Amino acid sequence: MIPDVPPDVIRLDEVSRVFPTEPPVLALSKICLRVGQGDYVAIVGPSGSGKSTLLNTLGLLDRPTSGSYLLDGIETTTLRDGARTRLRGRKIGFIYQSFHLLAHRTVAENVMLAEVYGRSARAGREKAGLGRPRLGRTDRGSTWNGPAGRGKTGHGPVDAPAGVTVNGYGRRGRRARAEEALEKVGMTHRLDFLPDRLSGGERQRMAIARALMGGPSLLLCDEPTGNLDSKNTGAVLDLFDGLRDQGLTLLVITHEDAVSSRAGRRVRISDGVLTEE
Ligand SMILES: Nc1ncnc2c1ncn2[C@@H]1O[C@H](COP(=O)(O)OP(=O)(O)OP(=O)(O)O)[C@@H](O)[C@H]1O
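No experiment lies behind these values; they were computed from the predicted model shown. By convention here, each chain's residues receive numbers from 1 onward along its written sequence. In keeping with the model being predicted, local features are shown solely for residues with a pLDDT of at least 70 and side-chain atom pairs are shown and tallied solely at 80 or more, while totals for entire chains, interfaces and linings include all residues. Values shown for side chains rest on all heavy atoms present in the structure; no hydrogens or waters enter the calculation.

So, the side chain of Asp62
Helix and strand definitions here come from DSSP, where helices need a minimum of 4 consecutive H or I residues and strands a minimum of 2 consecutive E residues; each element is numbered from the N-terminal end. Here Asp62 shows up in the loop between helix 1 (51–58) and strand 4 (66–71). Polar contacts here mean pairs of N or O atoms no more than 3.5 Å apart (in protein, one a potential hydrogen donor and the other a potential acceptor; neighbouring residues in sequence count only if both atoms are side-chain atoms). In this structure the side chain of Asp62 is engaged in a polar contact, spanning 2.9 Å, whose partner is the side chain of Arg17. The contact definition used throughout considers only heavy atoms, calling two residues in contact when any of these lie within 4.5 Å. Excluding residues within four positions of it along the chain, Asp62 makes contact with Arg17, Phe19, Thr53, Asn56, Thr57 and Arg84.

In structure tokens, the structure reads:
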């Protein structure tokens, strides 16, 4: 009998992305890439080589011009926006260099909000045709107001009384899931702190907890240690090792050898062409 082999988490076949500028830019050129469950892959390459375009494509924030992208065995290139957004919400967590935290929300609330708004905020960006996510926009409150909104009273999804559901999720369950995610990153002692009371390393750990909400199978990280000193970089990399050991798949864009040397695999992009190192 043939054993059941799980599909690759990521399978790209001849994926190209051309930006239709004048002249057009070939940002990704016939990229083939297979990444299995629990793989930890560093993406390196010079500025302008296509790293962010690749990450946006993998994160279903951008569509290839041609080629096939299977995520957990699902062909994504032919999915409609709504289906892509739901798939992204279920399977993918994002971590960025700047932590993109809401300044007036506590640690626990920031993490809880990821579950409430994650889908709609990302959908909004995609619909608006915004390539690389710039979450500073959401920090200013434009997108994060979401379907339930937040009046002047501050009464919004996070504040909703226990038992009231927002977007189909109960507040109490959301709080419990946020605490669980924060426990994974060693942040339960800071649940009710505001982000400005946290160190850089703590902020990034909180952002990692936020990315873990919803139980993604894939973490996409864009220079996750770019704002951290070497001690905090080490702590984040230890966390990544632990997540990989639990079966998460990680792809990390990085310029830092300290980071890429911890990954099991390194791929390089030059002028949109990907090669294994
Ligand atoms: N929306 C866009 N329209 C036109 N060209 C674009 C667009 N986004 C990216 N590009 C071009 O595509 C190429 C790849 O860009 P990308 O941002 O993916 O590079 P990168 O490797 O992430 O660079 P960096 O390390 O500086 O962030 C570059 O030549 C860039 O100018």
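Resuming the write-up.
Quick word on the site of the ligand
Around the ligand there are 13 residues in total, and Ser47, Gly48, Lys51, Ser52 and Thr53 lie nearest to it. Gly50 places a polar main-chain atom, nitrogen or oxygen, 3.0 Å from an oxygen atom of the ligand. Within the side chain of Thr53, one N or O atom sits 2.6 Å away from an oxygen atom of the ligand. For accessible areas, the Shrake-Rupley method is used with a probe of radius 1.4 Å. Any residue's cover is judged against the shown protein chains and nothing else. Surface burial for the ligand is 62%, taken as the share of its 640 Å² of free accessible area covered by protein chains. Those elements that place two or more of their residues in the shell around the ligand are strand 2 (25–35) and helix 1. Of the residues belonging to the shell around the ligand, the class tally is 4 nonpolar, 7 polar and 2 charged. A single heavy atom is enough: if one lies within 4 Å of a molecule or strand, its residue is considered near that molecule or strand. Just so you know the grouping, Ala, Val, Leu, Ile, Met, Phe, Trp, Tyr, Cys and Pro go in nonpolar, Asp, Glu, Lys and Arg go in charged, and all remaining residues, Gly too, go in polar.

Digging into the pairing of strand 2
The side chains of a regular strand alternate, first on one face of the sheet and then on the other. For two strands to be treated as a pair, DSSP must find no fewer than two bridges joining them. In the sheet, strand 1 (residues 10–19) pairs with strand 2 via 7 bridges, with the strands oriented antiparallel. Within the sheet, the bridge partner assigned to Val18 lies in strand 2 and is Leu26. With antiparallel pairing between neighbouring strands as the criterion, strand 1 and strand 2 make up a hairpin whose turn holds 5 residues.

What to know about the sheet that holds strand 9 (residues 218–222)
In space, the 6 strands of this open sheet follow the order 6-9-10-3-11-12, with mixed pairing throughout. Each of the sheet's edge strands pairs with one partner strand only, and the pair in question is strand 6 (92–96) and strand 12 (273–276). Here the average twist between neighbouring strands, direction ignored, is 20°. Taken together, the 4 bridges between strand 3 (residues 40–44) and strand 10 (residues 249–253) define a ladder with parallel strand orientation. Within strand 10, the residue paired with Val41 across the bridge is Leu251. Together, strand 6 and strand 9 form the strand contacts of helix 2 (residues 81–91), whose direction differs from that of strand 6 by roughly 75°. Angles run from 0 to 180 degrees between N-to-C directions of axes, and those axes are lines fitted to C-alpha atoms, restricted for helices to the stretch in contact.

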